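Commentary on secondary and tertiary structure
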Amino acid sequence: MTMPKTAQVAKELGRTPLEWTDAEMTRALDALRDDLPGDPIGYVMNAVPTSARCDCGAVHLSVDAPDLDCETRGSLHRLLATPFGDIVREHVRRQFGFGNVRFGWSGIKALAPTFVRVVDIYDARTTRVSELSDVTLGNIIEAIRKDMPGMMAMYDESLGELSVHAVSPGSDGQREWKVLIDQVMTAFSTPLHKYLDEYAKRTYDGAHVGVVNCCIIMSDVGDSTAWQRRWFATQVDQQLTPDC
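As the structure is a prediction and not an experimental result, all values here were calculated from the model. Numbers given for residues are sequential positions, taken from 1 along each chain in its written order. Local features in a predicted model are, by the rule used here, given only for residues with pLDDT of at least 70; side-chain atom pairs are given and counted only at 80 or more, and totals for whole chains, interfaces and linings are based on all residues. Values reported for side chains reflect all heavy atoms of the structure, with hydrogen atoms and water molecules removed beforehand.

**What to know about the sheet that holds strand S5 (residues 216–220)**
Sheet strands pair by backbone hydrogen bonding; their relative direction is either parallel or antiparallel. Reading across the sheet, the three strands line up as S3-S5-S4 and stay open at both edges, with antiparallel pairing between neighbours. Every other strand in the sheet has two partners, leaving strand S3 (164–166) and strand S4 (208–212) as the edge strands with one partner each. Between one strand and the next, the sheet's axes are offset by a mean angle of 20°, whatever the strand orientation. Strand direction decides the pairing type here: S4 and S5, joined by five bridges, are antiparallel. Looking across to S5, one finds that His208 is bridged to Asp220. Across the sheet, helix H9 (residues 149–161) lies against S3, S4 and S5, angled at about 35° from S5, the strand it touches most. Any two strands between which DSSP finds at least two bridges are classified as paired. Labels follow the DSSP assignment, with helices taken as runs of H or I lasting at least four residues and strands as runs of E lasting at least two, numbered in each case from the N terminus. Axes here mean lines fitted to C-alpha atoms, for a helix over just the part in contact, with angles spanning 0 to 180 degrees between N-to-C directions. Here a residue-residue contact requires only that any non-hydrogen atoms of the pair lie within 4.5 Å.

Take a look at the structure:
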């Protein structure tokens, strides 16, 4: 699932969504509406005003919400996992004052049962990930590895070389590849993401890790601002010239 119209607008505007004017933000949101199946932008805009503010300042969507159709859910996973999710997050911050939009814990057990079981053993859902011991965090990562081995193989490969690592459909065909990219998008748009982030920082000297496009995991070191700019720019480039 590519977002070429959004990438073209972002390339023309330059900078990052945090630096865009409201009019520029509207252009990008309109492009996202054209690019993405379902109605992910409309869903977020309808959900936010009636959502309770979490202690972390975020709006937590539910992957198993009864009013969330499959097309829109898939688009939300791909949007919120990638840098283009910053377009929606910044718009929500300006309009409603929420600091973030993400999927919360509701429905995650069906997607990553081992992960949820281990997190609950340690009562680690609401614990700051920076406060988890290395042993606890390591066990949580191993649980993710059992639930999503293909995604973790991409994660390990990217972090091991601090590189952009892409996976294209192989001899097994499109169906297996789609299962893999669904795992990647799910991991990086749900609570799994914060544990993957923390593990990258501890294990690879402060590394950042994130998803680009649908089949690419990118990692790098450096301060957060520089990382965000590189991550967003890579998304723009990849969406204009997709390699998968």
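Having seen it, we continue.
**Focus on helix H4 (residues 70–81)**
By definition here, a helix of n residues has an expected span of 1.5 Å times n minus one. The terminal C-alpha atoms of H4 lie 17 Å apart, and with 12 residues this matches the ideal 16 Å at 1.5 Å per residue to within 8%. Whether a residue is buried, partly exposed or exposed follows from its accessible area with a 1.4 Å probe, protein chains only, as a fraction of its type maximum: under 20%, in between, or over 50%, in that order. Every buried residue belonging to H4 is among Thr72, Arg73, Gly74, Ser75, Leu76, His77, Arg78, Leu79, Leu80 and Ala81, and all of these are buried.

**Brief notes about helix H5 (residues 85–96)**
In this model, H5 (12 residues) spans 16 Å end to end at C-alpha, consistent with the 16 Å of a helix rising 1.5 Å per residue. Among all positions of H5, only Gly85, Asp86, Ile87, Val88, Arg89, Glu90, His91 and Val92 are buried. Tucked inside the fold, the buried residues of H5 contact helix H1 (4–13), helix H2 (22–35), helix H3 (40–47), H4, strand S2 (100–103) and helix H12 (224–240). At the C-terminal side of H5, Gly97 shows a positive phi close to 85°.

**Considering unusual backbone geometry**
If you check the backbone angles, Asp123 has positive phi at about 50° while not being a glycine. Mapping Asp123 onto the fold places it in the loop between helix H7 (113–121) and helix H8 (134–147). Despite not being glycine, Leu162 has its phi angle at roughly 45°, a positive value. Looking at the secondary structure, you find Leu162 in the loop between H9 and S3. Exposure remark for Leu162: the relative accessible area of 34% places this residue in the partly exposed category.

**Points about a negative patch on the surface**
Exposure above 30% relative accessible area and the lack of any salt bridge qualify a residue for a patch; like charges then connect within 9 Å, and the nonpolar side chains Val, Leu, Ile, Met, Phe, Trp and Tyr within 5 Å. Only the protein chains shown count as cover for residues, with accessible areas throughout obtained via the Shrake-Rupley method and a probe of 1.4 Å. Whenever a carboxyl oxygen of Asp or Glu lies within 4 Å of a side-chain nitrogen of Lys or Arg, that contact is scored as a salt bridge. When charges are counted, Lys and Arg contribute as positive and Asp and Glu as negative, whereas His and the chain ends are disregarded. To locate a charge, the coordinates of NZ of Lys, CZ of Arg, CG of Asp or CD of Glu are taken. Side chains of Asp39, Asp67, Asp69 and Glu71 sit close together on the surface and give a patch of like negative charge. Positionally, Asp69 belongs in the loop between strand S1 (58–61) and H4. The class of Asp69 is partly exposed, set by a relative accessible area of 40%.

**Some remarks on the packing of aromatic side chains**
Each aromatic ring pair is summarised here by two numbers: the centre-to-centre distance and the angle between the ring planes. Only Phe, Tyr and Trp rings are paired, with Trp represented by its six-membered ring, and only when their centres lie within 6.5 Å; those with planes under 30 degrees apart are stacked, over 60 edge-to-face, the remainder tilted. By the definition in use, this model includes five aromatic pairs. With a centroid separation of 5.4 Å and 55° between ring planes, the pair formed by Phe84 and Phe232 is classed as tilted. Of this pair, Phe84 sits in the loop between H4 and H5 while Phe232 sits in helix H12, placing them 148 residues apart in sequence. The exposure classification of Phe84 matches that of Phe232, with both residues buried. On the basis of an interplanar angle of 5° and a centroid distance of 5.6 Å, the ring pair of Trp105 and Phe115 is categorised as stacked.

**Observations concerning the environment of Gly206**
When you line up the elements, Gly206 lands in the loop between helix H11 (192–203) and S4. Gly206 gets classed as partly exposed once you look at its relative accessible area, which sits at 31%. For the pair Gly206 and Ser224, spaced 18 residues apart in sequence, the C-alpha to C-alpha distance is 9.9 Å. Those residues within four positions of Gly206 in sequence are excluded, and the remaining contacts are Ala200 and Lys201.

**Description of the packing of H4 against helix H10 (residues 174–189)**
The angle between the axes and the distance between the axes are what describe a pair of packed helices. Their axes nearest at 8 Å, the elements H4 and H10 cross at an angle of 60°. Put simply, H4 runs oblique to H10. Classified by chirality, the crossing of H10 by H4 is left-handed. Each of His77, Arg78, Leu80 and Ala81 in H4 lies in contact with H10, whose residues at this interface are Ile181, Asp182, Met185, Thr186, Phe188 and Ser189. Residue polarity follows a fixed list, in which Ala, Val, Leu, Ile, Met, Phe, Trp, Tyr, Cys and Pro are nonpolar, Asp, Glu, Lys and Arg are charged, and the others, Gly among them, are polar. Taken together, the residues that form the contact of H4 with H10 break down as five nonpolar, three polar and two charged. In these notes the angle categories are as follows: under 35 degrees is roughly parallel, over 145 is roughly antiparallel, 65 to 115 is roughly perpendicular, and the rest is oblique. Definitions for this section: a left-handed crossing has its near helix turned counterclockwise from the far helix by less than a right angle. A right-handed crossing has that turn clockwise.

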